[in-house]
There are 2 protein chains.
Amino acid sequence: AVSIRDDARARAILRGTQRLLRSLNFESLSEVSLGNGRRADILALAHDGKAWIVEIKSSIADFHADQKWHEYREYCDALLFAVAPDFPVEVLPADTGLILADAYGGELVRDPPSHPVSPARRKALTLSFARTAAMRLLAQVDPGVKME
Amino acid sequence: AVSIRDDARARAILRGTQRLLRSLNFESLSEVSLGNGRRADILALAHDGKAWIVEIKSSIADFHADQKWHEYREYCDALLFAVAPDFPVEVLPADTGLILADAYGGELVRDPPSHPVSPARRKALTLSFARTAAMRLLAQVDPGVKME
């Protein structure tokens, strides 16, 4: 099957978005598994524990292929899309945040509406984020560590 | 001031201990700042959210220089020391866990007594761990990201 995601483009948007998120005082992690079996492109945690999910769309086709983006909403306090500056943003749902990003940086052009996640789910999300980030960091620092 | 910590030795113990912790299903992070201004050598999070702090001692002098190791106890569910296999372990407090480690791996030779940390502190610890790990991982993956 041919992927409809433009990987190079998605990686560029990812990098710029993570840089932007840092400047907004969010620490972020890519490809985080959620409790519903789906995987968020980016999960970002603010200093106060607030969790944002950012979905990256490399093209209109990539966006239209994802019929289930609304399922991310219940796993975060706010949901955003991140796209390249030339993306036709009018196709994106208006009740989500919007980030424009290239490989060097990004801009938050529409604040996301917030919808607090339940305390139990926030706890599970934060722990999963913590363990995933530490595991990936250790794999970088010690290539000899055993990974399942 | 001359450091009484043998850094090469401490790094070897760190690596072996982190490998051991993974095999025990803990994800771990080195040098984590705690709410009391101190920094844990290793903070490790289990799948159920349980938090261990592991203090590395490269020599007896290194242990004796640390008069405040007990202050770590209130920031974890269990406190352990990790030392090299030739360390005279009888000088270490018996009411802590004990890990022997070299650069290649380690062994948990005494289980730590557990003393559950408060929910509020566990929440703060987990969030701080998550954000620190993600920040360090991003710095590895994207050297161009701005760090404060």
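Predicted model, so just to flag it, every value in this text is computed and none were measured. (Residues numbered from 1 in each chain as written. Chains lettered and ligands numbered in written order. Predicted model: local features only at pLDDT ≥ 70, side-chain atom pairs only at ≥ 80, totals over all residues. Heavy atoms only, no water.)

Before going further, it helps to examine the overall build of chain A. Across its full length, chain A holds three helices and six strands. When its helices and strands are written in sequence order, chain A yields α-β-β-β-α-β-β-β-α. On C-alpha atoms alone, chain A measures out to a radius of gyration of 15 Å, which is about the 15 Å that the 2.2 N^0.38 rule sets for 148 residues. Viewed in the frame of its principal axes, chain A has a C-alpha envelope of about 45 × 35 × 35 Å. Across the 148 residues that make up chain A, the buried fraction comes to 50%. Within chain A, contacts between residues separated by at least 24 positions form 55% of all contacts whose residues are at least 6 apart in sequence. As displayed, chain A has an accessible area near 7,100 Å², and 53% of this comes from carbon and sulfur atoms. When the 19 positive and 20 negative side-chain charges of chain A are each reduced to one mean point, those points stand 5 Å apart. (Helix = DSSP H or I, 4+ residues; strand = E, 2+ residues; numbered from the N terminus. Rg over C-alpha atoms; globule rule 2.2 N^0.38 Å. Buried < 20%, exposed > 50% of the residue type's maximum accessible area, 1.4 Å probe, protein only. Contact = heavy atoms within 4.5 Å. Areas by Shrake-Rupley, 256 points an atom, 1.4 Å probe, with all protein chains shown as cover. Lys, Arg positive; Asp, Glu negative; His and termini not counted. Charge placed at Lys NZ, Arg CZ, Asp CG, Glu CD.)

Moving on: the sheet that holds strand 2 (residues 39-46) of chain B. All names here are of chain B. One open sheet accounts for six strands, arranged 1-2-3-4-5-6; its pairing is mixed. Of all strands in the sheet, those bounded by a partner on one side alone are strand 1 (26-33) and strand 6 (106-110). Going across the sheet, the axis of each strand differs from the next one's by a mean of 30 degrees, ignoring polarity. Contacting strand 1, strand 2, strand 3 (51-57), strand 4 (78-83), strand 5 (97-101) and strand 6, helix 1 (residues 7-23) crosses the sheet at an angle of about 145 degrees to strand 1. Seen against the sheet, helix 3 (residues 119-141) touches strand 1, strand 2 and strand 3 and runs at an angle of roughly 90 degrees to strand 1. (Pairing = 2+ DSSP bridges. Axes fitted to C-alpha atoms, helices over the stretch in contact; angles between N-to-C directions.)

Pairing in this open sheet of six strands is mixed, and the strands run 1-2-3-4-5-6 (chain A) from one edge to the other. Two strands lie at the open edges of the sheet, namely strand 1 (26-33) and strand 6 (106-110) of chain A, each paired on one side alone. Sheet twist, expressed as the average angle between the axes of neighbouring strands with direction ignored, equals 30 degrees. The sheet contact formed by strand 3 (residues 51-57) of chain A and strand 4 (residues 78-83) of chain A spans six bridges and is parallel. Of the residues in strand 4 of chain A, the one forming a bridge with Lys57(A) is Val83(A). In the packing of helix 1 (residues 7-23) of chain A onto the sheet, the strands contacted are strand 1, strand 2 (39-46), strand 3, strand 4, strand 5 (97-101) and strand 6 of chain A, and the crossing angle to strand 1 of chain A comes to about 145 degrees. Packing of helix 3 of chain B onto the sheet brings it into contact with strand 1 and strand 2 of chain A, and relative to strand 1 of chain A it is tilted by some 85 degrees.

Turning our eyes to something else, we now look at the relation of the copies chain A and chain B. The transform that puts chain A on chain B rotates by 180 degrees and translates by 0.0 Å along the axis, for an RMSD of 0.0 Å. Such a combination of rotation and displacement between the chain copies is what one expects of a two-fold axis. Closest to the rotation axis within chain A is the C-alpha of Ala130(A), separated from it by 1.9 Å. Comparing interface residues between copies, 100% of those in chain A also sit at the interface in chain B, which points to an isologous, same-surface contact. (Least-squares fit on C-alpha atoms with pLDDT ≥ 70 in both.)

Further remarks concern the interface of chain A and chain B. Between chain A and chain B, the residue contacts involve 33 residues of the former and 33 residues of the latter. Across the interface of chain A and chain B, roughly 2,800 Å² is buried in total on both sides, 62% from carbon and sulfur atoms. When the area that chain A buries against chain B is broken down by residue, the three leading residues are Arg22(A), Arg131(A) and Leu137(A), summing to 26%. At the surface where chain A touches chain B, the tally comes to two salt bridges. In this structure, Asp142(A) and Arg19(B) form a salt bridge, with 2.8 Å as the shortest nitrogen-oxygen distance. Connecting chain A to chain B are six residue pairs in polar contact (both at pLDDT 80 or more). Only helix 1, strand 1, strand 2 and helix 3 (119-141) of chain A provide two or more residues apiece to the side of chain A that touches chain B. Take the side of chain A that touches chain B: its biggest share by element is 13 residues, from helix 3 of chain A. For the side of chain A that touches chain B, the class distribution of residues is 15 nonpolar, eight polar and 10 charged. (Buried area = accessible area lost by both parts, 1.4 Å probe. Salt bridge = Lys/Arg side-chain N within 4 Å of Asp/Glu carboxyl O. Polar contact = N/O pair within 3.5 Å; in protein donor to acceptor, adjacent residues only side chain to side chain. Nonpolar A, V, L, I, M, F, W, Y, C, P; charged D, E, K, R; others polar.)

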